[in-house]
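Descriptive structure summary
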Amino acid sequence: MTGEERREQLLDIGRTVFADRGFEGTSVEEIAAKAGVSKPVVYEHFGGKEGLYAVVVDREMRRLLSMVTSSLNSGNPRELLEQAAFALLDYIEQYTDGFRILVRDSPVAQSTGNFASLISDIATQVEDVLGVEFKARGFDAKLAPLYAQALVGMVALTGQWWLNARKPKKAEVAAHLVNLAWRGLDGMEPKPQLIGRRRI
């Protein structure tokens, strides 16, 4: 194997083991054994478990962000919402190990980025779409970031649940997510009021 091929092999094995055991439950010894190499080979490529984990997390974050961002390229607002929901569900289906790693907490994830920061990045993309739609409907476009976080958070949490449930089918999950989000956005009041007694 070339050095690059060995590095890719270690990344693939690392992703699988981290997804299965988590950061704390994974050892360099196990990764090396599964790759059929000695521990120093892992250290040579990544400096240790933390370095390998950081590269795996970074790659998965970039892959998911790319899939969602590229889904927001054309269509009316409802179609864009559908495409974004499908992009996240597609990622979960195709890169299950990567998603399991992204939604887990670890000390390394906190320093290299985490699922919350990734969701925030995706929400920023959605914010632009909502801002245009808010202006067209006469709503306060400054509230687009709040609604973008709410929408993306709803899809992301549903995705975490679907990761293990896998029922109903992906298209049905996307349809229900969009139904809730779109019906809520479609009937939205420009200046919503609270109906209970609490005001602060």
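Refer to the structure printed above.
Read on for a plain summary of the structure. (Residues numbered from 1 in each chain as written. Predicted model: local features only at pLDDT ≥ 70, side-chain atom pairs only at ≥ 80, totals over all residues. Heavy atoms only, no water.)

Turning our attention to helix 1 (residues 3-21). Along its 19 residues, helix 1 runs 26 Å from first to last C-alpha, staying within 8% of the 27 Å computed at 1.5 Å per residue. For helix 1, every residue scored as buried is listed here: R6, Q9, L10, L11, I13, G14, R15, V17, F18 and A19. In the core, the buried residues of helix 1 are packed alongside helix 2 (28-35), helix 3 (39-46), helix 4 (49-71) and helix 6 (96-103). (Helix = DSSP H or I, 4+ residues; strand = E, 2+ residues; numbered from the N terminus. Expected span 1.5 Å × (residues − 1). Buried < 20%, exposed > 50% of the residue type's maximum accessible area, 1.4 Å probe, protein only. Contact = heavy atoms within 4.5 Å.)

A few words now on the packing of aromatic side chains. This model, assessed by the stated rule, comprises 7 aromatic pairs. Ring plane angle 90° and centroid distance 4.8 Å describe the contact between F18 and Y53, whose orientation is recorded as edge-to-face. Taken together, the positions of F18 in helix 1 and Y53 in helix 4 put the pair 35 residues apart, joining distant regions of the chain. In this pair, the class of F18 matches that of Y53, namely buried. With centroids separated by 5.3 Å and ring planes inclined at 75°, the aromatic side chains of F134 and Y147 adopt a geometry described as edge-to-face. Here F134 is found in helix 8 (residues 115-137), whereas its partner Y147 is found in helix 9 (residues 144-165), with 13 residues between them in sequence. Residue class for Y147 comes out partly exposed when judged on its relative accessible area of 22%. Here the aromatic residues F18, F23 and Y53 are joined through ring pairs into a cluster of three or more. One Lys or Arg, R63, reaches over the ring of Y95 and ends 4.1 Å from the middle of that ring. Cation over ring: R166 sits above W162, and NZ or CZ is 5.1 Å from the ring centre. (Phe/Tyr/Trp six-rings, centres within 6.5 Å; stacked < 30°, edge-to-face > 60°. Lys NZ or Arg CZ within 6 Å of the ring centre and 35° of its normal.)

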